[in-house]
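Listed below, chain by chain, are the residues.
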Amino acid sequence: MPSLLWAGFEVFINLVEIAGSVYLAWCLLRGDSKAPFLSIPSCLFIFIGTLWLSVFLFVDAMDYLDIMPGILTFILYAVFVLRAKWYLGVLWSLVNMALLISTAYTVPTILGIVLNVPFGAFYTYDSVRLLSMPLAHILWVGMLAVIIRLYKPRQALYILRKSRWVFLSVPVFSLAFIIILMQYAFALKDESVSILLPALTGAGLMILNLGTLYLYNQMAKQEEEAVVLQAQNQLGVMALYHQEELRELTLETRRFRHDFNNHVQALQGMARMERHADLQAYLNDLAEEVGSFSDYIVTGNSVLDALLSGNTALARQKEITVTIDAAVPETLPVSDRDLCILMGNLFSNALDANMKISQPERRFIDLHMRAENANLIILIRNATDGSEKKRDGRFITTKEAGRHGFGLVSIDHIIKSYNGFCERLHQDRVFTTQIILPLAALPRRT
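Residues numbered from 1 in each chain as written. Predicted model: local features only at pLDDT ≥ 70, side-chain atom pairs only at ≥ 80, totals over all residues. Heavy atoms only, no water.

### With respect to the overall build of the chain
- Scanning the chain from terminus to terminus reveals 11 helices and 7 strands.
- Relative to its full complement of 446 residues, the chain shows a buried share of 44%.
- Here the analysis covers contacts within the chain between residues at least 6 apart in sequence; of these, 76% occur between residues at least 24 apart.
- Carbon and sulfur atoms provide 61% of the accessible area of the chain, an area that totals close to 23,500 Å². (Helix = DSSP H or I, 4+ residues; strand = E, 2+ residues; numbered from the N terminus. Buried < 20%, exposed > 50% of the residue type's maximum accessible area, 1.4 Å probe, protein only. Contact = heavy atoms within 4.5 Å. Areas by Shrake-Rupley, 256 points an atom, 1.4 Å probe, with all protein chains shown as cover.)

Now the structure itself:
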């Protein structure tokens, strides 16, 4: 084959490698970003990566160095364009390259067995490479498609801090072992050595990396489920607390209503007898008692009434301005326990964010709840100090180590269980959470 055509074939293969790597990074590490794949940064990285990798054709570099442009392109694109954590970029880059190199090693080795090409010499046979390289890349692209389809980035990926280094060692070992085998192949390229063992080794490395990836994903799934369960158990106490608070407020309200007629009669008697001093003192005492009900919120749902009333009183004690505009049906499709956990976490997060602000006049919480178009719409806004953090497109807790931010995980778990929708936005030191839960489509959960 003429050298120019062969160089064009090599450049095309390099383009497939870089474009596939960039697309894998975009699929797995872009988080909640809705930016399209064919953007200017993606195309720029594909072009530069392909050019960078193709330079090795003209400088006659050793083959094993070809992995460096692919690895670095993946990591740089993941970190600087997708804003992913560096360790996720490194992990996925090495997994991707381990699979690519394993296929690029195994397929020609198997073809060497079929065509009876000596071990090591198949790298120098253009006819074998012309057939093996497309087959290897087709197999690699197929594995990427399976990974993209089955793998879901999970919250627990950020919890597996120790385990990820164990999993990282698998692709590192695979790459190192393949490089050693390739050097061995070059050293023996003029000898007729059985290549059955290298072929099986390459296939085994592919299976090892895919199996490790599957195990990593399963561990992440179990870790996420454990975090949600721990959050639900921890916040179940909160639900019981608010139910007790509801009973106390209900009894207090009934007692006040029962005594109200007695108060009116006493006031009328003092007014008839013109006992103005006693009347004024009695009214002052009564005003203090009525004041205890001034923060009582009426939404239409008794559980929400008690929950929001208690949290509003607590917020105002902390010099936080609270505005609540809520009107909901008495019966909701959300269980009382889940409702307490959901609203309790939303209010708790808003309180925590406000308490980081040193100026009381800047603190506020605005809550709006409405039933519209067969949906329950919850919109809560609160002031922040601007310390909110995002990781791979998701807001994460800013609580200190050891306090654990299970609130966001629990909120998302409840919303998902009711087929709801949640959107979070941080802008101009105001954090906004909007939640939409279907009303008519779901039966009431107890």
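### Considerations on the packing of aromatic side chains
- For the structure shown, the criterion picks out 5 aromatic pairs.
- Between Tyr 23 and Trp 26, the aromatic rings sit 5.8 Å apart at their centres with planes inclined by 25°, giving stacked as the arrangement. Placement of both Tyr 23 and Trp 26 in helix α1 (residues 3-29) is noted, with a separation of 3 residues, approximately one turn of the helix.
- Using a relative accessible area of 36% as the deciding quantity, one classes Tyr 23 as partly exposed. (Phe/Tyr/Trp six-rings, centres within 6.5 Å; stacked < 30°, edge-to-face > 60°.)

### Observations regarding the pattern of salt bridges
- Enumeration according to the criterion identifies 3 salt bridges in this entry.
- With a closest N to O distance of 2.7 Å, Asp 325 and Arg 370 form a salt bridge. Here Asp 325 is found in strand β1 (residues 321-327), whereas its partner Arg 370 is found in strand β2 (residues 364-372), with 45 residues between them in sequence.
- Residue Arg 370 is classed as partly exposed on the basis of its relative accessible area, which comes to 30%.
- Residues Asp 366 and Arg 381 are paired through a salt bridge, measuring 3.1 Å at the closest nitrogen-oxygen approach. Taken as a pair, Asp 366 in strand β2 and Arg 381 in strand β3 (residues 375-383) lie far apart in primary sequence, 15 residues in all.
- A relative accessible area of 29% means that Arg 381 is categorised as partly exposed. (Salt bridge = Lys/Arg side-chain N within 4 Å of Asp/Glu carboxyl O.)

### A look at the confidence of the model for the chain
- Here the chain shows a mean pLDDT of 77. Residues at 70 or above account for 72%.
- Scored below 50 in pLDDT, residues 400-404 shows 1 contact in the model against residues more than four places distant or in partner chains.
- Scored below 50 in pLDDT, residues 441-446 makes 16 contacts in the model with residues more than four places away or belonging to other chains. (pLDDT = per-residue confidence, 0-100.)

### Looking at the packing of helix α9 (residues 302-317) against helix α10 (residues 336-355)
- Contact pair α9 / α10: the axes reach a minimum separation of 10 Å and the direction vectors enclose 20°. Comparing the axis directions of α9 and α10 gives the class roughly parallel. Both α9 and α10 take part in a crossing whose hand is right-handed. Between α9, through Val 303, Leu 304, Leu 307, Leu 308, Asn 311, Thr 312, Leu 314 and Ala 315, and α10, the contact on the second element is made entirely by Asp 336, Leu 339, Cys 340, Met 343, Gly 344, Phe 347 and Leu 351. (Axes fitted to C-alpha atoms, helices over the stretch in contact; angles between N-to-C directions. Parallel < 35°, antiparallel > 145°, perpendicular 65-115°, else oblique. Left-handed = near helix turned anticlockwise from the far one by under 90°.)

### Examining the pairing of β1
- Where β1 lies against β2, 7 bridges are found, and the strand directions are parallel. Its bridge partner lying in β2, Ile 324 is registered against Leu 367. (Pairing = 2+ DSSP bridges.)

### Thoughts on the environment of Ala 98
- Positionally, Ala 98 belongs in helix α4 (residues 86-115).
- A relative accessible area of 2% places Ala 98 in the buried class.
- With sequence-adjacent residues up to four places away left out, Ala 98 is seen in contact with Pro 171, Ser 174, Leu 175 and Asn 209.

### Re the packing of helix α3 (residues 67-81) against α4
- Packing of α3 against α4 brings their axes to within 9 Å, and their N-to-C directions diverge by 145°. Helix-helix and strand crossings are classified by hand; for α3 and α4 the assignment is right-handed. The residues of α4 that touch α3, namely those facing Ile 67, Gly 70, Ile 71, Phe 74, Ile 75, Ala 78 and Val 79, are Trp 86, Gly 89, Val 90, Trp 92, Ser 93, Leu 94, Asn 96, Met 97 and Ile 101.
- When its residues are assigned to classes, the contact of α3 with α4 shows 12 nonpolar, 4 polar and no charged. (Nonpolar A, V, L, I, M, F, W, Y, C, P; charged D, E, K, R; others polar.)

### Quick word on the sheet that holds β1
- Read from one edge of the open sheet, 5 strands run β1-β2-β3-β7-β6, paired in mixed fashion. This sheet does not close on itself; its edge strands, each paired only once, are β1 and β6 (421-427). With strand direction ignored, the average angle separating the axes of adjacent strands in the sheet is 10°.
- Sheet analysis places β6 next to strand β7 (residues 430-438), joined by 7 bridges and oriented antiparallel. Within β7, the position partnered with Cys 422 by the bridge is Ile 435.
- Relative to the sheet, α10 contacts β1, β2, β3 and β7, its axis offset from that of β3 by approximately 15°.

### Quick notes on α3
- The terminal C-alpha atoms of α3, which comprises 15 residues, lie 21 Å apart, in line with the 21 Å expected from a rise of 1.5 Å per residue.
- Just past α3, the residue Arg 83 takes up positive phi, approximately 60°. (Expected span 1.5 Å × (residues − 1).)

### Structural notes on the pairing of β2
- You can see the chain leave β1, run along α10 and come back into β2, and the turn it takes is left-handed.
- Direction of pairing for β2 relative to β3: antiparallel, over a ladder of 8 bridges. Counted as the bridge partner of Ala 371 is Leu 376 from β3.
- Hairpin geometry of β2 and β3 is characterised by an intervening segment of 2 residues between the two adjacent antiparallel strands and by a positive phi of about 50° at Asn 373. (Right-handed = clockwise from strand over helix to strand, strands pointing away.)

### Details of the environment of Leu 210
- The residue Leu 210 is located in helix α7 (residues 196-272) in this model.
- On a C-alpha basis, the gap between Leu 210 and Ile 147 in space is 8.7 Å, while along the polypeptide they are 63 residues apart.
- In contact with Leu 210, not counting residues within four places along its chain, are Leu 99, Met 143 and Ile 147.

### Here's the deal with unusual backbone geometry
- In this structure, Arg 83 is a non-glycine residue whose phi angle is positive, near 60°.
- Positionally, Arg 83 belongs in the loop between α3 and α4.
- We note that Asp 428 has phi near 55°; this positive angle belongs to a residue other than glycine.
- Locating Asp 428 in the fold gives a position in the loop between β6 and β7.

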